[in-house]
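# Commentary on secondary and tertiary structure
The chain contents come next:
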Amino acid sequence: MPQVLVVDDDPHIRQLLVFALEKAGLSAREAEDGEAALAAVEQQRPDLVVLDINMPKLDGLEVCRRLRAQGDLPILFLSSRDDEIDRILGIELGADDYVVKPFSPREVTARVQAILRRARSAPPPAAEAVLSQGRLKLDPESWIARWGEDEAALTVTEFGILRILMSAPTRVFSRDAIIDRLHGPGFAITDRTIDSHVRNLRGKFAALGGHDVVETRAGVGYRLGACLGQPA
């Protein structure tokens, strides 16, 4: 049973989410602040963290930075302001998704389940080839992305977006098409969220010398770039 850690300094919110998650068949634990969250991750090894931003001792952004330095544990942020999305999903942090307060527990549960489905999806058949374009290589079976000899540390969502683009290198994917492939038709997520994940992807590969991994087609969407290391 997947385990979710709910981190929020408001006990009412924690209890509400724990109840909703357990009702959906997930195992849920609580942490009341950032320091407790880091200790709980170390001890309990959850499959996903629901993480509030504004907390005492250590805020959610700092907790996310520390968790990202250790690995790619999926993170869903709880934010009190919609304009924080660029900080939440941007290059520095790379969270998998976010929900703005006040929220519906059902919405949080649905987003948690969608992230877990991607993270725990069955591996593709062994016959599926490694995808490549220029200096970029993506191994869908082992979930490894490389630029030349360097491995890029991607979140589950970032890997999923890159895999979509590489599956049809000449196709321009609309944001809606990307959302449908990531979450399934009808899943409520904003275009801006996809834009932030793409910025995150670009930033990570640019740091390795890959400045032309993703192209933007204005008014349409995104496609895979030449991946030769030239400025886009």
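Everything here concerns the structure above.
Residues numbered from 1 in each chain as written. Predicted model: local features only at pLDDT ≥ 70, side-chain atom pairs only at ≥ 80, totals over all residues. Heavy atoms only, no water.

## A closer look at the sheet that holds strand 2 (residues 27-31)
Defined as follows: The rule for pairing is simple: two strands pair if DSSP sees at least two bridges between them. The secondary structure listing takes helices from DSSP runs of H or I that are at least 4 residues long and strands from runs of E that are at least 2 residues long, numbered from the N terminus. Note on method: axes are straight lines fitted to C-alpha atoms, helices fitted across the in-contact stretch only, with angles between N-to-C directions ranging 0 to 180 degrees. Residues are treated as being in contact if the distance between any of their heavy atoms lies within 4.5 Å.
Strand order in the open sheet made by the five strands is 2-1-3-4-5, with parallel pairing throughout. Only two strands of the sheet have a single neighbouring strand rather than two, namely strand 2 and strand 5 (97-100). Each strand of the sheet is rotated relative to its neighbour by a mean of 20 degrees, with strand direction disregarded. In the sheet, strand 3 (residues 48-52) pairs with strand 4 (residues 75-79) via four bridges, with the strands oriented parallel. Each bridged residue has a counterpart across the sheet, and for Leu-51 the counterpart in strand 4 is Phe-77. The strands that helix 3 (residues 60-70) touches are strand 3 and strand 4; relative to strand 4, the one it contacts most, it runs at about 170 degrees.

## Points about the packing of helix 6 (residues 156-167) against helix 8 (residues 191-206)
The relative placement of two packed helices comes down to the angle between their axes together with the axis-to-axis distance. Threshold: Just so you know how the angles are binned, under 35 degrees is roughly parallel, over 145 roughly antiparallel, 65 to 115 roughly perpendicular, and the rest oblique. All amino acids are sorted into three groups, where Ala, Val, Leu, Ile, Met, Phe, Trp, Tyr, Cys and Pro are nonpolar, Asp, Glu, Lys and Arg are charged, and the leftover types, Gly among them, are polar.
Axis separation between helix 6 and helix 8 bottoms out at 10 Å; the angle between their running directions is 90 degrees. Judged by the inter-axis angle, helix 6 sits roughly perpendicular to helix 8. Along its contact with helix 6, which presents Thr-157, Glu-158, Ile-161 and Leu-162, the element helix 8 presents Ile-194, His-197, Val-198, Asn-200, Leu-201, Lys-204 and Phe-205. Residue classes in the contact of helix 6 with helix 8 are distributed as six nonpolar, three polar and two charged.

## Some thoughts on the sheet that holds strand 8 (residues 144-147)
Pairing is antiparallel in the open sheet, where four strands are placed in the order 6-7-8-9. Since the sheet does not close on itself, it has two edges, and those belong to strand 6 (131-133) and strand 9 (150-152), each with one partner. Adjacent strand axes in the sheet meet at a mean angle of 25 degrees when their direction is disregarded. Sheet topology note: the strand 8/strand 9 ladder contains three bridges and is antiparallel. Residue pairing in the sheet places Trp-147 in a bridge with Asp-150 of strand 9. Against the sheet, helix 6 engages strand 6, strand 7 (136-139) and strand 8, with an angle of about 110 degrees to strand 7.

## Topic: the side chain of Arg-223
Threshold: Residues adjacent in sequence count toward polar contacts only when both atoms are side-chain atoms; beyond that, a polar contact is any pair of N or O atoms within 3.5 Å, and within protein one must be able to donate a hydrogen and the other to accept it.
Turning to its location among the elements, Arg-223 is positioned in strand 11 (residues 221-224). Reaching out from Arg-223, the side chain makes a polar contact with the backbone oxygen of Pro-169 at a distance of 3.5 Å. Among all residues touching Arg-223, those that are not within four sequence positions of it are Leu-165, Pro-169, Thr-170, Arg-171, Val-172, Val-213, Val-214, Glu-215 and Arg-217.

## Some remarks on the pairing of strand 10 (residues 214-217)
With four bridges joining them, strand 10 and strand 11 adopt antiparallel strand pairing. What sits directly across from Glu-215, in strand 11, is Arg-223. Turn length for the strand 10-strand 11 hairpin, with the two strands adjacent in sequence and antiparallel, is three residues, and the turn residue Gly-219 shows positive phi of about 80 degrees.

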